[in-house]
Amino acid sequence: MLLLGQLALYADTADADLDFVDAVSPSLAASLPEPPSGVFPEDYDPDDGPAYPGDV
């Protein structure tokens, strides 16, 4: 989590290499552990929500 936060701060700097940010951020996000049980309600569905522009 800390590295993702630092990467987000770096991405907002004037000299940021956004190609680097785009290349590294998915790997950092994928490396996060699953949240512990009980964080979300039992019936929580991350795919259930409002339609966003561009969704079909």
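First, a word on what this report is: a plain description of the structure on this page.

How each quantity is defined
- Residues numbered from 1 in each chain as written.
- Predicted model: local features only at pLDDT ≥ 70, side-chain atom pairs only at ≥ 80, totals over all residues.
- Heavy atoms only, no water.
- Helix = DSSP H or I, 4+ residues; strand = E, 2+ residues; numbered from the N terminus.
- Rg over C-alpha atoms; globule rule 2.2 N^0.38 Å.
- Areas by Shrake-Rupley, 256 points an atom, 1.4 Å probe, with all protein chains shown as cover.
- Expected span 1.5 Å × (residues − 1).
- Bend = angle between axes of the 7 residues up to and from the residue.
- Polar contact = N/O pair within 3.5 Å; in protein donor to acceptor, adjacent residues only side chain to side chain.
- Phe/Tyr/Trp six-rings, centres within 6.5 Å; stacked < 30°, edge-to-face > 60°.
- Buried < 20%, exposed > 50% of the residue type's maximum accessible area, 1.4 Å probe, protein only.
- Patch = residues over 30% accessible without salt bridge, like charges linked within 9 Å, V, L, I, M, F, W, Y side chains within 5 Å.
- Salt bridge = Lys/Arg side-chain N within 4 Å of Asp/Glu carboxyl O.
- Axes fitted to C-alpha atoms, helices over the stretch in contact; angles between N-to-C directions.
- Parallel < 35°, antiparallel > 145°, perpendicular 65-115°, else oblique.
- Left-handed = near helix turned anticlockwise from the far one by under 90°.
- Contact = heavy atoms within 4.5 Å.

## Quick look at the overall build of the protein chain
Then comes step 1: Secondary structure assignment for the protein chain yields two helices and zero strands.
Then comes step 2: The C-alpha atoms of the protein chain give 15 Å as radius of gyration, which overshoots the globular expectation for 56 residues (10 Å, by more than 25%).
Then comes step 3: The principal-axis extent of the C-alpha atoms belonging to the protein chain is close to 45 × 30 × 15 Å.
Then comes step 4: Entry remark: accessible area of the protein chain is about 5,100 Å², with carbon and sulfur atoms responsible for 58%.

## Description of helix 2 (residues 18-30)
Then comes step 1: Spanning 13 residues, helix 2 covers 19 Å between terminal C-alpha atoms, matching the ideal 18 Å at 1.5 Å per step.
Then comes step 2: The largest bend in helix 2 comes to about 30 degrees, at Val24, with the proline Pro26 one to four residues further on.
Then comes step 3: One side-chain oxygen of the residue at the start of helix 2 lies 3.2 Å from the amide nitrogen of Asp19, identifying that residue as Asp17.

## Re the packing of aromatic side chains
Then comes step 1: Applying the stated rule across the entire model yields two aromatic pairs.
Then comes step 2: Seen in terms of ring centroids, Tyr10 and Phe20 are 6.3 Å apart; in terms of plane orientation they differ by 85 degrees. Their pairing is edge-to-face. With a gap of 10 residues between them, Tyr10 in helix 1 (residues 2-11) and Phe20 in helix 2 connect regions that are remote in the sequence.
Then comes step 3: Between the aromatic rings of Phe40 and Tyr44, the centroid separation amounts to 4.6 Å while the plane-to-plane angle is 10 degrees, which identifies the pairing as stacked.
Then comes step 4: We classify Tyr44 as partly exposed; its relative accessible area is 43%.

## Notes on the environment of Val24
Then comes step 1: Mapped onto the secondary structure, Val24 falls in helix 2.
Then comes step 2: For the pair Val24 and Asp45, spaced 21 residues apart in sequence, the C-alpha to C-alpha distance is 27 Å.

## What about a nonpolar patch on the surface?
Then comes step 1: There is a patch of nonpolar side chains on the surface, built from Val39, Phe40 and Tyr44 and spanning about 300 Å² of accessible area.
Then comes step 2: For Phe40, the location among the structural elements is in the segment after helix 2.

## Focus: the packing of helix 1 against helix 2
Each pair of packed helices can be summarised by the angle the axes make with each other and by the distance between the axes.
Then comes step 1: With their axes 10 Å apart at the nearest point, helix 1 and helix 2 run at an angle of 165 degrees to one another. Looking at the two axes, helix 1 sits roughly antiparallel to helix 2. Between helix 1 and helix 2 lies a crossing of left-handed hand. Taking contact as the criterion, the partners of Leu3, Leu4, Leu7, Tyr10 and Ala11 in helix 1 are, on helix 2, Leu18, Phe20, Val21, Val24, Ser25, Leu28 and Ala29.

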